[in-house]
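# Tertiary structure, described
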Number of protein chains: 2
Amino acid sequence: MADKKRARVHVRLSLPNGGNLDEADIALIETVHKCRSILGASKILGLSYRKTWLMADALNRTFETKVLETFPGRRGGGAEITPFGERLAALFRSIERRSSASAAAALGELTASLDWSFAAEEAGQERKAKSD
Amino acid sequence: MADKKRARVHVRLSLPNGGNLDEADIALIETVHKCRSILGASKILGLSYRKTWLMADALNRTFETKVLETFPGRRGGGAEITPFGERLAALFRSIERRSSASAAAALGELTASLDWSFAAEEAGQERKAKSD
């Protein structure tokens, strides 16, 4: 999923009401925006429907304004993201971009210090986990 | 553990050799630096000895230079972080500080949009989880 060829900063936000916002939440918002369905998004993201629904529900309960709207009565169900959901995704992606930009020099120094024999072993484990 | 009163950016680094670096790794480095023992650090961090040892081992295998040195032969065992380990922690903390600073405005906007009734429920769950 991620670009494995370069070092990357991954961001998670912890919010003062106990809520959290991470890459998976934003991927859900963006995927629902494209496919307009929680079930469709769960398939694209490789998550169970239950897990996807719980993520959407937690997002909606974290903020005063809904992030996603679901239409269970509509033919084929369906979901849409709200303008606030769009803003949320944009804010998160902006935080990610700024974090990556400000970390560039440090990531370069870390990358220059890597042991590349670590790679084969871990990649093997990851391929195995993914193929299960 | 974290300051719950304000929004925070949490950083994880994925490295191109398959390695990862997160807050828990840096807390381990900093705790070993203070208490000079893997076992001592595991107790302070509330982790199993096995988990702590595996984290230390993964850190050492991720980079060309050791992050932590262990002295199993020494009276009482003991561990120390290397100058490279110190540099690693400093780089990570610097990435965190820059990410937080660059996210300040976005975090303010998100915090202003929070549903505070979410807080009681989640805090209750968290207290329960911590007391188990």
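Here the residue numbers are simple positions, counted from 1 along each chain's written sequence. Written order determines the labels here, with chains lettered from A and ligands numbered from 1. With pLDDT at 70 or above as the cut-off, local features in this predicted model cover only qualifying residues; side-chain atom pairs require 80 or more to be listed or tallied, and sums for whole chains, interfaces and linings still use all residues. Side-chain metrics in this entry use all non-hydrogen atoms of the structure; hydrogen atoms and water are not considered.

What follows covers the interface of chain B and chain A. At the junction of the two partners, chain B supplies 46 residues and chain A supplies 46 residues. Of all residues in chain B, Pro16, Leu110 and Phe118 of chain B give up the largest surface area on contact with chain A, accounting jointly for 17% of the area buried on that side. When a carboxyl oxygen of Asp or Glu is within 4 Å of a side-chain nitrogen of Lys or Arg, the pair counts as a salt bridge. Put simply, chain B and chain A have two salt bridges between them. Two N or O atoms form a polar contact when they lie within 3.5 Å of each other; inside protein one atom must be a possible hydrogen donor and the other a possible acceptor, and for residues adjacent in sequence the pair counts only when both atoms belong to side chains. Linking chain B to chain A there are 15 residue pairs in polar contact (both at pLDDT 80 or more). Numbering of helices and strands runs from the N terminus, with a helix taken as a DSSP run of H or I at least four residues long and a strand as a DSSP run of E at least two residues long. It is helix α4 (residues 83-112) of chain B that contributes the most residues to the side of chain B that touches chain A, 15 residues altogether. Any residue outside Ala, Val, Leu, Ile, Met, Phe, Trp, Tyr, Cys, Pro, Asp, Glu, Lys and Arg is labelled polar, Gly included; the first ten of those are nonpolar and the last four are charged. Here the residues of the side of chain B that touches chain A sort into 22 nonpolar, 10 polar and 14 charged. Residue contacts follow a heavy-atom distance rule, with two residues in contact if any of their heavy atoms lie within 4.5 Å. Buried area is calculated as the accessible area (1.4 Å probe) missing from two parts once they are joined, with the contributions of both summed.

Below, the discussion takes up the relation of the copies chain B and chain A. C-alpha atoms of residues with pLDDT of at least 70 in both copies form the basis for the least-squares superposition of the copies. Screw-axis analysis of chain B against chain A gives a translation of 0.0 Å along the axis, an RMSD of 0.0 Å, and a rotation angle of 180°. A rotation of that kind, with that shift, is consistent with a two-fold axis. When the interface residues of chain B are mapped onto chain A, 100% of them again lie at the interface, so the same face is used by both copies.

The next point concerns unusual backbone geometry. It is generally the case that most residues other than glycine have a negative phi and that most peptide bonds are trans. Residues and elements named next belong to chain A. One non-glycine residue, Arg36, lies in positive phi territory at about 55°. With respect to the helices, strands and loops of the structure, Arg36 is situated in the loop between α1 (23-35) and α2 (38-45). For Arg36, a relative accessible area of 45% puts it in the partly exposed group. Using a 1.4 Å probe on the protein chains alone, a residue whose accessible area is under 20% of its type maximum counts as buried, one over 50% counts as exposed, and one in between counts as partly exposed.

Turning our eyes to something else, we now look at the pairing of strand β1 (residues 8-14) of chain A. Burial runs high along β1 of chain A: six of the seven residues are buried. Pairing geometry for β1 of chain A and strand β1 (residues 8-14) of chain B, over seven bridges, is antiparallel. In the strand pairing of β1 of chain B, His10 of chain A is matched with Arg12 of chain B. Only strands joined by at least two bridges in the DSSP assignment are considered to pair. As paired strands, β1 of chain A and strand β2 (residues 20-22) of chain A are joined by three bridges and run antiparallel to one another. Each bridged residue has a counterpart across the sheet, and for Leu13 of chain A the counterpart in β2 of chain A is Leu21 of chain A. From the end of β1 of chain A to the start of β2 of chain A, which pair antiparallel, there are five residues, and Gly18 of chain A there has a positive phi angle of about 100°.

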